[in-house]
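Tertiary structure, described
Single-letter residue listing:
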Amino acid sequence: MRIDIITCLPRLLESPFSDSILKRAQQKGIVSVQLHDLRDYATSKHRSTDDYAFGGGAGMVMMIEPIDNCITQLKSERAYDEVIYMSPDGELFTQPIANELSLKENLIMLCGHYKGVDERVREHLITRELSIGDYVLSGGELAAAVISDAIIRLIPGVLSDETSALTDSFQDGLVAPPVYTRPAEYKGWKVPDVLLSGHEAKIAQWKQEKSLERTQNRRPGLLRD
Ligand code: ADE
């Protein structure tokens, strides 16, 4: 998979991709993440990527031309499955969407800033808009990092078996059961006996029950869905 992220703050995105699982996924050649500085595609003297809003109002608007230049350049090099715009009013990003996007070959993610992008970008250049939650971030960069992480870890070969994404919360519509590690007793606080029993079927049943119980208590909406 290849992910091209278009941003006016590429440095903000360097660190999430230079550590741990996302770094290893790139080193293994499973995914390639390319950051594109929007200013490199600006044509004005000062390389501006934003301007005042027509009709007035507070806040700058990201200009269409640098964005179009960048997307056009990328599309001339390969076909893209989706051109995704990070926006608080986009479709809410969920595990099923992560699963779906993890099967794609090439993705473009556009990070918004200020008051957002010129509406014509959304009308003509974007295929999908995603939000990571009902709150407003300073820009789409952190959202792009969150979404990339959720997608990349699902690609076969990225996680080792023991950290397999199949047992994650939400993968079966339930949140994950509690987990414990050594010591089996700490300050009198004990690990449930069943987990120490070595009885695989009973352990699996316990995990399933706890998953269900937790989902009922914490995220009943998931069961309704
Ligand atoms: N940009 C600003 N806020 C955002 C959000 N909640 N999700 C995605 N992109 C955003």
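This text goes with the structure placed above it.
Residues numbered from 1 in each chain as written. Predicted model: local features only at pLDDT ≥ 70, side-chain atom pairs only at ≥ 80, totals over all residues. Heavy atoms only, no water.

**Observations concerning the pattern of salt bridges**
Condition: A pair is scored as a salt bridge if a Lys or Arg side-chain nitrogen falls within 4 Å of a carboxyl oxygen belonging to Asp or Glu. By the criteria applied, helices consist of DSSP H or I runs no shorter than four residues and strands consist of E runs no shorter than two, each listed in order from the N terminus. Exposure is judged per residue with a 1.4 Å probe applied to protein chains only, and the accessible area is read against the type maximum: over 50% gives exposed, under 20% gives buried, and values in between give partly exposed.
Applying the stated criterion across every chain, the model contains eleven salt bridges. A salt bridge links Arg128 to Glu82, with the nearest nitrogen and oxygen atoms 3.4 Å apart. Taken together, the residues Arg128 in strand β7 (residues 128-131) and Glu82 in strand β5 (residues 82-92) connect sequence positions 46 residues apart. Pair check on accessibility: Arg128 and Glu82 agree, each one buried.

**What to know about the site of the ligand**
Under the convention used in this document: One heavy atom suffices: a residue is near a molecule or strand as soon as one of its heavy atoms comes within 4 Å of it. Any pair of N or O atoms that falls within 3.5 Å is considered a polar contact. Within protein, one atom must be able to donate a hydrogen and the other to accept it, and sequence-neighbouring residues count only if both atoms are side-chain atoms. Where accessible areas are quoted, they stem from the Shrake-Rupley method and a 1.4 Å probe; at the residue level, only the protein chains shown are allowed to cover.
Around the ligand, 13 residues are found, and the nearest of them are Ser87, Ile132, Gly133, Tyr135 and Leu137. Here Leu137 contributes a backbone N or O atom positioned 3.0 Å from a nitrogen atom of the ligand. If the ligand stood free it would expose 260 Å²; the protein chains cover 97% of that surface. Contributing elements (two or more residues each) for the shell around the ligand: β5 and β7. The dominant element in the shell around the ligand, judged by the number of residues it contributes, is β5, at three residues.

**Observations regarding the nonpolar core**
As a reminder of what qualifies: To define a nonpolar core, start from buried Ala, Val, Leu, Ile, Met, Phe, Trp, Tyr and Cys residues and group those joined through side-chain atoms within 4.5 Å. Contacts are residue-level and defined by heavy atoms, with any inter-residue pair within 4.5 Å sufficient.
The biggest cluster of nonpolar side chains holds 32 residues, and the ones touching the most others in it are Ile5, Phe93, Leu101, Met109 and Ile152. When residues of this core are traced back to their parent elements, those giving at least two are β1 (2-7), α2 (20-27), β5, α4 (95-101), β6 (106-111) and α6 (141-152). Sort the elements by how many residues they give to this core and α6 lands first, with seven residues. When neighbours within four sequence positions are excluded, Leu101 is seen to be in contact with Met1, Glu82, Ile84, Phe93, Leu107, Arg128, Leu130 and Ile151. Counting 18 residues, the second-largest nonpolar core is a separate cluster that includes Leu38, Tyr41, Met62 and Ile67.

**Some points on α6**
Threshold: The span you would expect from a helix comes to 1.5 Å times its residue count less one.
Taking 1.5 Å of rise per residue, the twelve residues of α6 would be expected to cover 16 Å, and the 16 Å separating its terminal C-alpha atoms lies within 8% of that figure. Among the twelve residues of α6, nine are classified as buried, and the element is accordingly described as predominantly covered.

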